[in-house]
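Structure at a glance
In case you want the letters, here they are:
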Amino acid sequence: MKRVSAGIDIGGTNTVFGWVESDGNFIWRGSILTKDYSDPEDLTNEVSKQLLDNLGNNEAQGIGVGAPNGNFYNGTIEFAPNLEWKGVVRLKEFFQKYFDLPVIVTNDANAAAIGEMVYGGAKGVNNFMMITLGTGLGSGLVSNGQLIYGHDAFAGELGHVIVEPEGRLCGCGRKGCLETYASATGISRTAKELSGKNYTSEEIYQYAKKGESWALEAFEYTAKILGFSLANAVAVTSPKIIFLFGGLAQ
């Protein structure tokens, strides 16, 4: 019998989850499409059932959830612009219907930052920045060895720093947010402006490798805006390292 915890990553496209040992090794993992579940409680039901079906004789210690706009203080997802679920989602409460265990919910980028501190390149590093480039842009800021949560658990939202006044409309309701330019969806919007056609970020990458001028220009434009924004963030937090994570970063 092994002592394990559940790790759950809820993204705008996929939800990935599994049982993991304290050394970081997964003993089982699964995934579902987030968009297949218009009701968040239906998603938590499915994830919980799959986790329980694959726990075996192992001893569960707790549940950790990373999600867009995850509130560490309240155990909720709150008004996430990159999810179809509206308003406040009582995620911790939903999971505790299935598990009599500690359930911790946090922003997905904060969860990634903690993972980097425990298992990755941030071991022993007290000041760094984690940037997740997926459907949107998430960020986790660590200063003096502590994650910066702020008074409401939503500190460090670099994706919603305005980089272009009156620019692209963001899912948060404002215009010109960084994630509307530097994310998988952002680069797709740029590519459409340049080529007149709809492409996924993966397709843009493949065209860029072939030397297509519009695809190379899309990456150049995206990188310039991201670099500009990271430079501003460095002036505020003075990190030793910046980690880029997520599908677009690949």
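The structure contained in this document is the topic of the report that follows. (Residues numbered from 1 in each chain as written. Predicted model: local features only at pLDDT ≥ 70, side-chain atom pairs only at ≥ 80, totals over all residues. Heavy atoms only, no water.)

Structural notes on the pattern of salt bridges
Short version of the rule: By convention in these notes, a salt bridge is any Lys or Arg side-chain nitrogen within 4 Å of a carboxyl oxygen on Asp or Glu. Counting from the N terminus, the helices are the DSSP runs of H or I reaching at least four residues and the strands are the DSSP runs of E reaching at least two. With a 1.4 Å probe rolled over the protein chains alone, any residue whose accessible area is under 20% of its type maximum counts as buried; one over 50% counts as exposed, and the rest are partly exposed.
One pass over the structure, following the stated rule, counts five salt bridges. We note a salt bridge from E21 to K2, for which the minimum N-O separation is 3.9 Å. Pair noted here: E21 is in strand 2 (residues 14-21) and K2 is in the segment before strand 1 (3-10), with a separation of 19 residues, a long-range link. Note on K2: relative accessible area 40%, which makes it partly exposed. Among the salt bridges present, the one from E193 reaches R168, with a minimum N-O distance of 3.2 Å.

Brief notes about a nonpolar patch on the surface
Inclusion rule: Surface patches are drawn from residues lacking salt bridges whose relative accessible area is over 30%; two like charges belong together within 9 Å, two nonpolar side chains (Val, Leu, Ile, Met, Phe, Trp, Tyr) within 5 Å. All accessibility values rest on the Shrake-Rupley procedure with a 1.4 Å probe; residue burial counts only the protein chains present in the view.
Side chains of F72, Y73 and I104 sit close together on the surface and give an oily, nonpolar patch of about 290 Å² of accessible area. Looking at the secondary structure, you find F72 in the loop between strand 5 (70-71) and strand 6 (76-78). Judged by its relative accessible area of 36%, F72 is partly exposed.

Some points on the packing of helix 4 (residues 184-195) against helix 6 (residues 213-237)
Applied cut-off: Each axis is a line fitted through C-alpha atoms, and for a helix only the stretch in contact is used; angles between axes span 0 to 180 degrees, taken between their N-to-C directions. Roughly parallel refers to an angle under 35 degrees, roughly antiparallel to one over 145, roughly perpendicular to one between 65 and 115, and oblique to any angle outside these ranges. Here a crossing is called left-handed whenever its near helix is offset anticlockwise from the far helix by less than a right angle, and right-handed whenever the offset is clockwise. The contact rule is simple, with two residues in contact once any of their heavy atoms fall within 4.5 Å. Side-chain classes are defined by residue name, with Ala, Val, Leu, Ile, Met, Phe, Trp, Tyr, Cys and Pro counting as nonpolar, Asp, Glu, Lys and Arg as charged, and the others, Gly among them, as polar.
At their nearest, the axes of helix 4 and helix 6 sit 9 Å apart, and the two run at 135 degrees to each other. Here helix 4 is positioned oblique relative to helix 6, judged by the angle of their axes. The handedness of the crossing between helix 4 and helix 6 is right-handed. Between helix 4 and helix 6, the contacting residues are I187, T190, A191, L194 and S195 on the first element and W214, E217, A218, F219, Y221 and T222 on the second. Among the residues making up the contact of helix 4 with helix 6, the classes are represented as seven nonpolar, three polar and one charged.

Some points on unusual backbone geometry
Within the chain, F79 stands out as a residue other than glycine whose phi angle is a positive 55 degrees. Here F79 lies in the loop between strand 6 and strand 7 (88-89). Owing to a relative accessible area of 58%, F79 belongs among the exposed residues under this scheme. Phi is positive for S238, close to 50 degrees, though the residue is something other than glycine. Position of S238 relative to the elements: it lies in the loop between helix 6 and strand 12 (241-245).

Re the side chain of E78
We count it as follows: A positive count includes Lys and Arg, and a negative count includes Asp and Glu. His and the chain ends are not counted in either. Throughout this description, a polar contact denotes any pair of N or O atoms lying within 3.5 Å of each other; where both atoms belong to protein, one of them has to be capable of donating a hydrogen while the other can accept it, and for residues adjacent in sequence the pair is counted only when both atoms sit in side chains.
Take E78: it is sitting in strand 6. One buried charged side chain, E78, makes no salt bridge at all; its nearest oppositely charged neighbour is R90, positioned 11 Å away. A polar atom in the side chain of E78 sits 3.2 Å from the side chain of N74. Reaching out from E78, the side chain makes a polar contact with the side chain of T76 at a distance of 2.7 Å. Excluding residues within four positions of it along the chain, E78 makes contact with N69, N71, G87, V88 and F154.

Some words on the sheet that holds strand 6
This is how the line gets drawn: By this definition, two strands are paired if DSSP reports at least two bridges between them.
Here we have three strands laid out as an open sheet, ordered 5-6-7, and antiparallel in their pairing. Edge positions in the sheet fall to strand 5 and strand 7, since each of these pairs with one other strand and no more. Note that strand 5 and strand 6 share two bridges and pair antiparallel. Bridge pairing links N71 to T76 in strand 6.

Overview of the packing of aromatic side chains
Here is the rule: The rule is short: rings of Phe, Tyr and Trp, with Trp giving its six-membered ring, pair when the centres are within 6.5 Å, and they are stacked under 30 degrees, edge-to-face over 60, tilted in between. Each ring is checked for a lysine NZ or an arginine CZ that lies within 6 Å of its centre and within 35 degrees of its normal; such an atom marks a charge sitting over the ring.
Per the counting criterion, the structure on display carries ten aromatic pairs. Summarising the aromatic geometry, the rings of Y199 and Y207 are spaced 5.3 Å apart at their centres and angled 70 degrees between planes, so their arrangement reads as edge-to-face. Given the relative accessible area of 16%, Y199 is considered buried. Assessed through its relative accessible area of 28%, Y207 is described here as partly exposed. Geometrically, the ring pair formed by Y207 and W214 is tilted, given 5.4 Å between the ring centres and 50 degrees between the ring planes. Judged by its relative accessible area of 13%, W214 is buried. Just above the ring of F26 sits the side chain of R29; from NZ or CZ to the centre is 4.2 Å.

Section: the sheet that holds strand 2
The strands that make up a sheet pair up through hydrogen bonds in the backbone, lying either parallel or antiparallel. Read across the open sheet, the five strands follow the order 3-2-1-4-8; overall the sheet is mixed. Edge positions in the open sheet fall to strand 3 (26-33) and strand 8 (103-107), since each of these has one partner strand only. Across the sheet, the axes of successive neighbouring strands diverge by a mean angle of 15 degrees, strand direction being ignored. Sheet analysis places strand 2 next to strand 3, joined by seven bridges and oriented antiparallel. By the bridge assignment for strand 3, G18 is matched with R29. Lying on the sheet, helix 1 (residues 40-53) is in contact with strand 1, strand 2 and strand 3; it crosses strand 2 at an angle near 30 degrees.

Honestly, it's all geometry; don't read function into it.
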